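Secondary and tertiary structure notes
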Amino acid sequence: MPEGPEIHRAADRVRRAIAGQVAEEVFFGQSHLEEEGPRLSGSEVIGVEARGKALLTTFSTGDTVYCHSLLYGRWHVRRRGSWPRTRRRLRFAVHTAKHSALLYSASEIDVLPSHALHAHPFVGRMGPDPLDPTCTDDDILRAIERHPRKRLGALLLDQRSVAGLGNYLRSEILFAAQIHPESRPLDCDETTLRSLAHCIVEITRQAYATGGITLDPDLVASRKASGLPRRRYRHAVFAAAGQPCPRCGDVIARVESAGRRFYLCAHCQPRPGSAKLTTTPMSDDDIAKLVEEITADGKLTRSELKRLDTLMLADGKLTVEEREHIDRLLTLIGTGELVVVD
Ligand SMILES: [Zn+2]
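Residues numbered from 1 in each chain as written. Predicted model: local features only at pLDDT ≥ 70, side-chain atom pairs only at ≥ 80, totals over all residues.

**Points about the sheet that holds strand 7 (residues 99-104)**
- Strand order in the open sheet made by the 4 strands is 1-6-7-5, with antiparallel pairing throughout. Pairing within the sheet leaves two strands with one partner each, and these edge strands are strand 1 (25-28) and strand 5 (74-79). Put simply, the sheet's adjacent strands are angled 15 degrees from each other on average, direction ignored.
- By the bridge criterion, 5 bridges tie strand 6 (residues 90-95) to strand 7 in an arrangement that is antiparallel. When the bridges of strand 7 are listed, His95 appears paired with Ser100. (Pairing = 2+ DSSP bridges. Helix = DSSP H or I, 4+ residues; strand = E, 2+ residues; numbered from the N terminus. Axes fitted to C-alpha atoms, helices over the stretch in contact; angles between N-to-C directions.)

**Regarding the packing of helix 5 (residues 167-176) against helix 6 (residues 190-210)**
- Relative to each other, helix 5 and helix 6 sit at 130 degrees, their axes nearing to 9 Å. By the angle between their axes, helix 5 is oblique relative to helix 6. You can see that helix 5 and helix 6 cross each other, and the crossing is right-handed. Seen from helix 5, the contacting residues are Leu169, Glu172, Ile173 and Ala176; seen from helix 6, they are Cys199, Ile200, Ile203, Thr204 and Ala207.
- Broken down by class, the residue content of the contact of helix 5 with helix 6 amounts to 7 nonpolar, 1 polar and 1 charged. (Parallel < 35°, antiparallel > 145°, perpendicular 65-115°, else oblique. Left-handed = near helix turned anticlockwise from the far one by under 90°. Contact = placed C-beta atoms within 7 Å. Nonpolar A, V, L, I, M, F, W, Y, C, P; charged D, E, K, R; others polar.)

**Focus: the confidence of the model for the chain**
- Of all residues in the chain, 84% attain a pLDDT of 70 or more, and the chain-wide mean is 89.
- Residue range residues 276-281 is modelled with pLDDT below 50. Its contacts to residues more than four positions away, or to other chains, number 12 contacts. (pLDDT = per-residue confidence, 0-100.)

**Here's the deal with unusual backbone geometry**
- Positioned with a positive phi, Ala239 is a non-glycine residue whose angle comes to about 60 degrees.
- Note that Ala239 resides in the loop between helix 8 (230-233) and strand 9 (253-257).
- Overall, Ala239 belongs to the partly exposed group, with 16 C-beta atoms counted inside 10 Å. (Buried ≥ 20, exposed ≤ 12 C-beta atoms within 10 Å, placed from the backbone.)

**Some remarks on the sheet that holds strand 4 (residues 63-68)**
- Ordered in space as 2-3-4-8, the 4 strands form an open sheet in which the pairing is antiparallel. The two strands at the open ends of the sheet, each matched to only one other strand, are strand 2 (45-51) and strand 8 (108-113). The average undirected angle you get between the axes of adjacent strands in this sheet is 15 degrees.
- Pairing geometry for strand 3 (residues 54-59) and strand 4, over 5 bridges, is antiparallel. Note on strand 4: the bridge partner recorded for Thr57 is Val65.
- Relative to strand 2, helix 1 (residues 4-18) is tilted by about 170 degrees, and along the sheet it contacts strand 2 and strand 3.

**Quick look at the packing of helix 1 against helix 6**
- Viewed as axis vectors pointing N to C, helix 1 and helix 6 meet at an angle of 40 degrees, and their least axial separation amounts to 8 Å. Here helix 1 is positioned oblique relative to helix 6, judged by the angle of their axes. Like other packed secondary-structure pairs, helix 1 and helix 6 cross with a definite hand, here right-handed. Here Gly4, Pro5, His8 and Arg9 of helix 1 come into contact with helix 6, specifically with Thr204, Ala207 and Tyr208.
- Across the contact of helix 1 with helix 6, the residue classes break down as 3 nonpolar, 3 polar and 1 charged.

**Points about the nonpolar core**
- Counting 44 residues, the largest nonpolar core has Ile140, Ile173, Ile200 and Val237 as its most contacted members.
- Those elements giving two or more residues to this core turn out to be helix 3 (137-145), helix 4 (152-155), helix 5, helix 6 and strand 10 (260-264).
- The biggest single contributor to this core is helix 6, with 9 residues.
- Apart from residues no more than four positions distant in its own chain, Ile173 is found in contact with Leu156, Cys199, Ile200 and Ile203. (Core = buried A, V, L, I, M, F, W, Y, C linked by C-beta atoms within 7 Å.)

**Some thoughts on the environment of Gly62**
- Counting through the fold element by element, Gly62 comes out in the loop between strand 3 and strand 4.
- Along the backbone, Gly62 and Leu40 are 22 residues apart, and their C-alpha atoms lie at a distance of 9.7 Å.

**Side note on helix 3**
- Buried within helix 3 are the following residues: Ile140, Leu141, Ala143 and Ile144. Here the buried residues of helix 3 occupy an arc of 160 degrees about the axis, which is enough to place them on one side.
- Its buried side turned inward, helix 3 meets helix 4 and helix 6. (Arc of directions from axis to C-beta.)

Structure representation (structure tokens):
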């Protein structure tokens, strides 16, 4: 399902194509809205904006068309007269002299008076949207603190708390803030909640700017440089079960939270009430594998170096074999047989 960043990017494309233009023809694909098309045709498109996961198109007639793409909705912007090859059903279309903005597939669409938007059951109750440029960390913090007993894994999906977050964003945000999805705001101290609010704003804005990439930009650069495909440099933990945690090297796990898949590092995101682990729980086998990966090509990438760093930080807790593996690597780095690459 497209999340806030994807909807905001779609709104940008639609806005560039049709805002400020005369909507020569407006079409609705659902029978109960049939008559609205001719009524709006000939008016001007005053504005196109995203709010959370909703896209709002406002016309000079004083009407706003609300569209929620749900799971399958997809926006296409085309030159007028050209159509995408698709078997999906056209639900809403605005044709100007030059362009067409087309929304396909199952979508929730309403036409309502622009002045009554606040009364809309979805728009009216939406929480702050981190992609609204006026939204601050404090706005998000207050929205979270309004639900002290709600588990954060569920709270972050609730559009009435914070608008626009979906499944990949909540995994990435809670990983960045080092919070377990079962934690509730009342389990977290003030600093942790402030950090969570900051991560919500930062990561959502990064995803908007980059087209959905939420991994730390330095790691994106090093993973790209080592030739990894986009799915390996897009997210830190989401859809990365079995991969090493970019922070501590532990294995990323897939669990369920609020009925949907959720990815986390159990070491970085301990369950509420359980003490945070102080050492890296990499097994002998994992370490041997890491050593093998590193020595296979004689090159040490930045992310491998980071994992090695983590191991060395846990020095006092390492077994003799682990210590030997690491010593061997350090010797190879020292003699120049292993080269650090970007
Ligand atoms: Zn971790």
